[in-house]
Amino acid sequence: MKTLVWLQRELRIQHHPALEAALAESDDIIVAYFHDPEQTIGDANTAWLANSLQQLQQDFKAHDGRLWCLEGNFEQQLDHMIQTYQIEQVFYTFQLGHPFKTMQQQALNVCQRYQVALRAFDTENWLPYDQLLNQSGRPYKVFTPFYNTLSQKLSELLPFSHAINSLEKTARTICQSGQDQTLPQSLTHLSTRPWARKVMQHWQTGERQAWEKFERFLNEGLAHYEQNRDFPAVEGTSQLSPHLHFGEIHSRAIVFELLTLETEPGIANQAIHVWLRQLAWREFARSILWHFPHTETHPFQAKFETFFRPLSEADPEQVKNYQAWCAGHTGVPIIDAGMKQLWETGWMHNRVRMLVASWLTKNADIDWRAGAHWFNNTLVDADPANNTLGWQWVAGCGVDAAPYYRLFNPVRQSEKFDAEGHYLRQWLPELTPYSSKQIHAPWQTTPNEKRVRPIIDLTESRQRHLEKVATLKSLN
Ligand code: FAD
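Residues numbered from 1 in each chain as written. Predicted model: local features only at pLDDT ≥ 70, side-chain atom pairs only at ≥ 80, totals over all residues. Heavy atoms only, no water.

(A) Structural view of the site of the ligand. Looking at the ligand, there are 27 residues lining it, with Tyr-225, Thr-237, Ser-238, Gln-239 and Asn-350 nearest. At 3.0 Å, a side-chain N or O of Gln-278 approaches a nitrogen atom of the ligand. In the environment of the ligand, a nitrogen atom lies 3.5 Å from a nitrogen or oxygen atom belonging to the backbone of Arg-282. The fraction of the free accessible surface of the ligand (820 Å²) that becomes covered by protein chains is 96%. Put simply, the parts of the chain that give the shell around the ligand at least two residues each are α10 (241-245), α12 (269-291), α15 (350-363) and α17 (384-395). The element that contributes the greatest number of residues to the shell around the ligand is α12, accounting for five residues. By residue class, the composition of the shell around the ligand is 14 nonpolar, nine polar and four charged. (Near = heavy atom within 4 Å. Polar contact = N/O pair within 3.5 Å; in protein donor to acceptor, adjacent residues only side chain to side chain. Areas by Shrake-Rupley, 256 points an atom, 1.4 Å probe, with all protein chains shown as cover. Helix = DSSP H or I, 4+ residues; strand = E, 2+ residues; numbered from the N terminus. Nonpolar A, V, L, I, M, F, W, Y, C, P; charged D, E, K, R; others polar.)

So this is what it looks like as C-alpha cells:
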C-alpha cells in the first residue's frame, strides 16, 4: 500500500499517531509538507515554520528517512503527487481553523477524485471533543466546569503506541525532482528576511529543542510558576506555546510526563496542577473552535457582532490609533512595551496580551478581529483556537463571560504586575530615567512642555465604552 502522510502542524517524529499507523501498515511511505503561500497564518508563524521544517528534515535524515517539502497551490500539488506516485491512501492529522479547514476540504476533493482513501487522525487534543460534554450533552462554554470534567478523565487519555526508531520506509521512494531535500523557495526567502531573522534569533525550533525547553521548565520554572506567571519581567512561564502550536511536542505527551511526576517526590503536586490547568485552556480553546467554528471570524455572543467598530480606511482617526497600537506608540507604557516585545520577539507575555487587547477593543473601540489579525501576523505561536479565544475573552464577546465586565486599567495593571518597571525599561529604554513609581504613567509627572500624553485618554474612553455596553444591555 503506497501511503502519503501529509503533515500540517505535527512537526515531530515521536508521539505521532498518523506516522505510526503508516509505518505499521505500509511499506512505501511518503511524508510531505505542502507549503501553499496563499494558505498561511502569518509572517512570524511562517518564519518559525521554515526553521522547524528544516530541522525536521534533518531529524528525518538522522532516522534514515526523508521528509518532502513541496510548494505551490495545495490542491494542485496534492493532485500531482497522487497521480505521479500512485498514492493509494493519505493519512493526516486533523487541525482546526484557518487555513487547515480549507486544505482539509481540498484534500477530500482530490482524494475523492482519484478514489484514494483519506484517513484523518483526530489526535492533537487530550480527549475527543465529544467526550467532553456537560450533563445535558452540550459543549461547555465556561472553563472551570470544562476543566473539572477534563481532569477527572485524565486517566482515559490514550497512550502513544511506541517510539519510532527508524523512518527507513519513508526513504524508499526516489524523488526525481530533487525538491524534497531543500525547503521551498518562498519559505527560504521569508526566513532570511531581516525581520524574520531578528524574531527567530530568540527561538530554537524543533522536537528536541521543545523537549529540552520542557525539561528546563520542569526543573527551573514549574515550582514557581504560580507565583511568577503574571509578571512579564520574570521568565516565569514555559514559552512552549509555539512548540505546541507546531506540534513539535504533543501536549498529551506533556500530560503523561506531568502525571508521572505527580507520583514522584520532588515538585509539589500543587505546582503541577496549576500549570496543567493553564495548559487545559488550550484544550478549552480547541473544544470551543471545534463546536463553534464560526467563532474564528464572528463573536460567540451574536449580540456583539456590530458592537465593535470595524477597522475602516474611511475613518482616519481610527486607522491612526490602530497603527499606533501596532507600532507601540499609544503613549501607555505597558501597552507599548508589549507591542515592542511582540515586534522584536514574535511573542508576548499572557498578562500583557490581555492588556493590549483590552486597550485596542475597549479604549480605542476597534474590532477585536483587527487585533487578532495583527497577532496572526506577528506571533510565532499564532494559533486559530488560542488567538480567537484570547481576543474574544478580552473583548467580552466570547465564551466564559465574566459576571462583571472586564475592563483593564493598564496603568493599575502595570503598577501591580511590573511594580519596579523592569519590563517597561527593557522594551522602552527611553523611560529608564523615570522612577518605579512614575514610569507607569509618565505624563502625570512630566513637566507640561515635555509631556507626551496617551493618544487616547484612558478615563474618557473607559467611560465611553461602559456607556456603550450599557446601551447594548438595554437593547437585549
Ligand atoms: P504557559 O503559561 O507556560 O502555558 C503553557 C501552555 O498552555 C501555553 O504554551 C499554551 O499552549 C497554553 N495556554 C496558556 N494560557 C493559555 C490561554 N489563555 N489560552 C489558551 N492556551 C493557553 N496562545 C497561543 O498559543 N497562540 C495565540 O495565538 C494566542 N493568542 C492570544 C491572544 C490573546 C489576546 C490572549 C489574551 C492570549 C492569547 N494566547 C495565545 C494565550 C496565551 O497568552 C499564550 O498561550 C501564552 O502566553 C503562551 O506562553 P507560555 O507558553 O509561556 O504559557
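(B) Main features of the pairing of strand β3 (residues 67-71). In terms of burial, β3 is a largely internal element, four of the five residues being buried. Two elements, strand β2 (residues 28-35) and β3, share five bridges in a ladder whose sense is parallel. Among the inter-strand pairings, Val-31 is bridged to a residue of β3, identified as Leu-67. Handedness of the crossover joining β2 and β3 through helix α2 (residues 43-62) is recorded here as right-handed. (Buried < 20%, exposed > 50% of the residue type's maximum accessible area, 1.4 Å probe, protein only. Pairing = 2+ DSSP bridges. Right-handed = clockwise from strand over helix to strand, strands pointing away.)

(C) Inspection of helix α18 (residues 410-417) at higher detail. Looking only at α18, the buried set comprises Pro-410, Val-411, Gln-413, Ser-414 and Phe-417. Around the axis of α18, the buried residues are gathered within 160° of arc, so they sit on the same side. The N-cap residue of α18 is Asn-409: its side-chain oxygen and the backbone nitrogen of Val-411 are 3.0 Å apart. (Arc of directions from axis to C-beta.)

(D) Summary view of the side chain of Ser-358. Position of Ser-358 among the secondary structure elements: in helix α15. Apart from residues no more than four positions distant in its own chain, Ser-358 is found in contact with Asn-363, Val-394 and Phe-408. (Contact = heavy atoms within 4.5 Å.)

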